[in-house]
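Here are the chains, one letter per residue:
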Amino acid sequence: ITTFRLLPPPSGRHYLLLRQPCPNTTPPVTMLRAQYTSMDQGRKSDLLAKVSIAISVGCLTIGAIAFFGASSNTHLGLAAARNAIRPAIVGGASMLAPRGCASSVVRRSPGLSMFSSVSAQTQKTDLKLDWTGLKSDLASMIKEKQCGPIMIRLSWHDAGTYCKADNSGGARGAQRFEDGESKHGANAGLDVARDLLAEIQAKYPISAADLWAFASLVATEVMGGPKIAFRAGRDDIPDHTQCVEEGRLPDGDKGSDHLRSVFGRMGFSDKDIVVLSGAHTVGKCHADRSGFDGAWTEMPLQWDNAYFKNLLSKDYKSETTAQGNPQYRDGDVIALETDLALTTDPEFRKYTELFANDLGEFNKAYAETYQKLQELGWESKGLTEIAW
């Protein structure tokens, strides 16, 4: 039924790959655990089965388990094993989109968990943690993986569910669970970002909500954007039952009325809408996730105001992607309906023109408005300023 192959151990870590044709009858992780259970006691004492992952690529399911020496850090399992095989699958792509774009071609198989036991835990932030070390680890990972845009999107989609009327939603690490917000269409592909951050979270006493928020600030700075003030102290929700309903995040195929409805629910102004839309100056859409396809700018890993300049200068032509989604293209860059609304709506357009002509003004406004986004619902709950 199963075939095991032992790969050469990178950095002393051993990985077992299991191959099993679709459809799945028994989750590969279960089989791998059974294999470990059957080992003799002598070998068990030397090995720790700390990690399990299951990834479906086409009709081939790959399960991997990492064995660490008994003296190893037992918290580093999932991310370490997953990252060891991820480069061949992800290819370092990055993205940001109003809904459902992703940098990974990995497709999840029914019944297989892709969620880290570490990241799903409810953890509080120790305000005295080594913020300098955390920033350094995040910056190194972001540069190596070229994943800055998806870090922004993860935090954006965590915080962007806020509703001012009933104080629900907001940054609460709500995508940590297999059920709930992780399954929302707008969050497709964000498992890539969560996985990359899982190993880092294991090293530092920090909540997922704080880590995701802080990672997005480091990513912005790494890509050349403004340094944004950060206050810590967000708590994670304990389980998926506290997730909000689907539909609170922007849809890329709608216009100005939709933008005002979504952002107005959070308490944002027309200027705020244009400012936060400017995050599309980095990242790209991937058709296998959102149905949209392409980057907004020619240099999607460089923070600048090219997004606004393109909206005002490009001669976009309408097209339909292979997935049936309407979008607009001029050469190698695209725009969505929500993007073009920033030029067709008179109130939006005046801010689009302002930011296209003045990068400094855009960076200043973005730093202020993005901090506001990250702190929605937490303003009066005693967040603490962090010097980073």
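Everything below is about the structure shown above.
Residues numbered from 1 in each chain as written. Predicted model: local features only at pLDDT ≥ 70, side-chain atom pairs only at ≥ 80, totals over all residues. Heavy atoms only, no water.

1. Remarks on the overall build of the protein
Step number 1: For the protein, the count of helices and strands is 14 helices and 12 strands.
Step number 2: Within the protein, the proportion of its 388 residues that are buried is 56%.
Step number 3: Look at the contacts in the protein between residues 6 or more apart in sequence, and 73% of them connect residues 24 or more apart.
Step number 4: As displayed, the protein offers around 15,700 Å² of accessible surface, 50% of which is attributable to carbon and sulfur atoms. (Helix = DSSP H or I, 4+ residues; strand = E, 2+ residues; numbered from the N terminus. Buried < 20%, exposed > 50% of the residue type's maximum accessible area, 1.4 Å probe, protein only. Contact = heavy atoms within 4.5 Å. Areas by Shrake-Rupley, 256 points an atom, 1.4 Å probe, with all protein chains shown as cover.)

2. A closer look at the pattern of salt bridges
Step number 1: Summed over all chains, the structure comprises 18 salt bridges.
Step number 2: The partner of D137 in a salt bridge is K203, with the nearest N and O atoms 3.0 Å apart. With D137 in helix α5 (residues 131-145) and K203 in helix α7 (residues 191-203), this residue pair connects regions lying 66 residues apart in the sequence.
Step number 3: Ionic pairing is found between K314 and E298, a salt bridge with its closest N-O pair at 2.9 Å. (Salt bridge = Lys/Arg side-chain N within 4 Å of Asp/Glu carboxyl O.)

3. Some words on the packing of helix α6 (residues 148-159) against helix α14 (residues 359-374)
Step number 1: Where α6 contacts α14, the axes come no closer than 8 Å and their chain directions differ by 55 degrees. With respect to α14, the element α6 is oriented oblique. On α14, the residues touching I152, S155, W156 and A159 of α6 are Y366, Y370, L373 and Q374.
Step number 2: Its residues assigned to classes, the contact of α6 with α14 comprises six nonpolar, two polar and no charged. (Axes fitted to C-alpha atoms, helices over the stretch in contact; angles between N-to-C directions. Parallel < 35°, antiparallel > 145°, perpendicular 65-115°, else oblique. Nonpolar A, V, L, I, M, F, W, Y, C, P; charged D, E, K, R; others polar.)

4. Let's talk about the pairing of strand β10 (residues 326-330)
Step number 1: Summarising the sheet, strand β9 (residues 317-320) and β10 pair through four bridges and their orientation is antiparallel. Across the sheet, the residue bridging to T320 is P326, located in β10.
Step number 2: In this structure, the hairpin formed by β9 and β10 is closed by a connection of five residues, where G324 is found at a positive phi of approximately 90 degrees.
Step number 3: As paired elements, β10 and strand β11 (residues 333-335) share three bridges and run antiparallel to each other. (Pairing = 2+ DSSP bridges.)

5. A look at the side chain of T321
Step number 1: Along the chain, the position of T321 falls in the loop between β9 and β10.
Step number 2: By relative accessible area, which is 10% here, T321 ends up buried.
Step number 3: If we ignore the near neighbours within four places in the chain, the residues touching T321 are G291, F292, D293 and Q327.

6. Comments concerning the nonpolar core
A general trend in soluble globular proteins is that nonpolar side chains are found buried together.
Step number 1: By size, the foremost hydrophobic cluster in this structure holds 81 residues, and its most contacted members are L134, L138, M151 and Y366.
Step number 2: Of all the elements, helix α8 (residues 208-222) adds the most residues to this core, at nine residues.
Step number 3: Excluding its chain neighbours within four sequence positions, the residues that come into contact with M151 are M141, I142, A193, L196, L197, W212, A215, S216 and A219. (Core = buried A, V, L, I, M, F, W, Y, C linked by side-chain atoms within 4.5 Å.)

7. Some points on the side chain of N187
Step number 1: Tracing the backbone through its elements, the reader meets N187 in the loop between α6 and α7.
Step number 2: Judged by its relative accessible area of 2%, N187 falls in the buried class.
Step number 3: Polar contacts involving the side chain of N187 include one to the side chain of H157, which spans 2.9 Å. (Polar contact = N/O pair within 3.5 Å; in protein donor to acceptor, adjacent residues only side chain to side chain.)

8. So, the packing of helix α12 (residues 337-344) against helix α13 (residues 346-357)
Helix packing for two helices is described by the angle between their axes and how far apart those axes are.
Step number 1: Between α12 and α13, the shortest axis-to-axis distance is 5 Å and the interhelical angle comes to 90 degrees. Classified by the angle their axes make, α12 and α13 are roughly perpendicular. Contacts between α12 and α13 involve A341, L342, T343 and T344 on the former and, on the latter, P346, F348, R349 and T352.
Step number 2: Residues that form the contact of α12 with α13 fall into these classes: four nonpolar, three polar and one charged.

9. Concerning α6
Step number 1: For α6, built from 12 residues, the straight-helix expectation of 16 Å at 1.5 Å per residue is met to within 8% by its first-to-last C-alpha distance of 17 Å.
Step number 2: Within the sequence span of α6, burial applies to G148, P149, I150, M151, I152, R153, L154, S155, W156, H157, D158 and A159.
Step number 3: Those residues of α6 that are buried lie in contact with α5, α7, α8, α9 (256-266), α10 (270-277) and α14. (Expected span 1.5 Å × (residues − 1).)

10. Quick notes on unusual backbone geometry
Step number 1: Even without being a glycine, Q146 presents a positive backbone phi close to 50 degrees.
Step number 2: Mapped onto the fold, Q146 is located in the loop between α5 and α6.
Step number 3: By relative accessible area, Q146 is classed as partly exposed at 41%.
Step number 4: Even without being glycine, N167 reaches a positive phi, approximately 60 degrees.
Step number 5: By secondary structure assignment, the location of N167 is in the loop between α6 and α7.

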